[in-house]
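Notes for the structure review
Below are the chains, spelled out letter by letter.
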Amino acid sequence: MRVMQAIRHGGPEVLVPAEVPDPVPGPGETLVAVEAAGVNFADIKRLEGSYNATPPPFVPGSEVVGRTADGRRVMGFAQEAYASKAIIKQPVEVPEDLGAGEALALLVQGLSAWHLLRSAARLSPGETVVVNAAAGGVGHLAVQLAREFGAGRVIGTASTAEKRALVLELGADAAVAGEADGYAERVAEANGGRPADVVLDAVGGPVFEAALAAVAPFGRLVTYGSSSGQPPTPVDPGLLTQRNIAVVGYWLGGSLHLPGVTEPLRDLLDLTATGRLRPLVGGAYPLTEAGRALEDLAARRTTGKLVLRP
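Here goes a summary of the coordinates provided. (Residues numbered from 1 in each chain as written. Predicted model: local features only at pLDDT ≥ 70, side-chain atom pairs only at ≥ 80, totals over all residues. Heavy atoms only, no water.)

1. Concerning the packing of aromatic side chains
The full count for this structure, using the stated rule, is one aromatic pair. Judged by centre distance (6.3 Å) and plane angle (85°), the rings of Trp 114 and Phe 149 are edge-to-face. One end of the pair, Trp 114, is in helix α2 (residues 100–120); the other, Phe 149, is in the loop between α3 (139–148) and β9 (153–158), with 35 residues separating them in the sequence. Here Trp 114 and Phe 149 have matching classes, each one buried. (Phe/Tyr/Trp six-rings, centres within 6.5 Å; stacked < 30°, edge-to-face > 60°. Helix = DSSP H or I, 4+ residues; strand = E, 2+ residues; numbered from the N terminus. Buried < 20%, exposed > 50% of the residue type's maximum accessible area, 1.4 Å probe, protein only.)

The structure is reproduced here in structure tokens:
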């Protein structure tokens, strides 16, 4: 089968095409012919060797939509997804009228957005939610789900006017620039002069620090990544107690072994089928151009979900 293989640790340039034997499924596993594989920030970190370190050579990727030998169209998590065939566990049926990219957007990004709001932030109806990088893979779904879950006001941050326009189109009440300078002031202005109850942040670095200043008393700042690539900022516990705020971390990969974590996927599929949730596909790349997809993702040149087509 065809794969994109990392021959050493490094950037996207370490990926090269290769032919390897077909994988052999074990008990409880399903072999699929891959229709599309998802592209995630975690793939970049894995290439660097800073996340789930794997000795080279290895095939990155963690999610696919594909066909089983008996013709079923399914999706699921896969350990080696940048390939023309992959093995998944607990396959979930994918409707024929749902695009592969849209389906994959619901798997990692959709489940993450659901749990960020429900499990980590524990959003209550009427609260104000700020979604950083709101045009991105998780962000664009979190904006829509926050509205679906009863948020009183949804504010998205994004780096360009075009992305902010998209965030408004997706249902946010306001969209503001996302850089650290003036962040808290812009959020307050967009929220009628008040700080926010919940902030979802995967940018990190100075933006994380700025977001802390934008959280209302008894509010929550949920961190789930650091796309800026800047070192994490230590949090002063005294600041948290003085202002009665919480910093919460969430990582979908660390919770997949828990019962019920993937159950919201059914709800996400239903919301999509009824038009109440609109997953966006930001680009589909040939498998051989996986490196370019990762470069575009790292440079924040994309919106929505990116996929690879074998």
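Alright, that's what it looks like, and here's the rest.
2. Some thoughts on the nonpolar core
Ranked by size, the top nonpolar core spans 51 residues in total, and within it Leu 145 and Leu 265 carry the most contacts. Elements that contribute at least two residues to this core include exactly α2, β8 (128–131), α3, β9, α4 (161–169), β11 (196–201) and α8 (264–273). Counting residues per element, this core draws most heavily on α2, at twelve residues. Contact partners of Leu 265, with chain neighbours within four places excluded, come to Met 75, Val 92, Leu 106, Leu 107 and Leu 111. Of all hydrophobic cores here, the second largest spans 31 residues; its members include Ala 18, Leu 47, Tyr 82 and Leu 287. (Core = buried A, V, L, I, M, F, W, Y, C linked by side-chain atoms within 4.5 Å. Contact = heavy atoms within 4.5 Å.)

3. Let's talk about the sheet that holds strand β13 (residues 246–249)
Spatially, the six strands line up as an open sheet ordered β10-β9-β8-β11-β12-β13, and their pairing is parallel. Looking at the sheet topology across the chains shown, the edges are occupied by β10 (174–177) and β13. Looking at each pair of strands side by side, their axes are set apart by 20° on average, direction ignored. Where strand β12 (residues 215–223) and β13 come together, four bridges link them in parallel fashion. Bridging from a neighbouring strand, Arg 220 pairs with Ala 246 of β13. (Pairing = 2+ DSSP bridges. Axes fitted to C-alpha atoms, helices over the stretch in contact; angles between N-to-C directions.)

4. Observations regarding the environment of Gly 139
Tracing the backbone shows Gly 139 in helix α3. Sequence separation between Gly 139 and Ala 158 is 19 residues, and the spatial gap between their C-alpha atoms is 9.6 Å. When near neighbours in sequence (up to four residues on either side) are disregarded, Gly 139 contacts Val 131, Ala 133, Ala 134 and Tyr 224.

5. Looking at the environment of Arg 122
With respect to the secondary-structure elements, Arg 122 resides in the loop between α2 and β8. Arg 122 gets classed as exposed once you look at its relative accessible area, which sits at 63%. When the C-alpha positions of Arg 122 and Val 198 are compared, they lie 9.2 Å apart, and in sequence the two are 76 residues distant.

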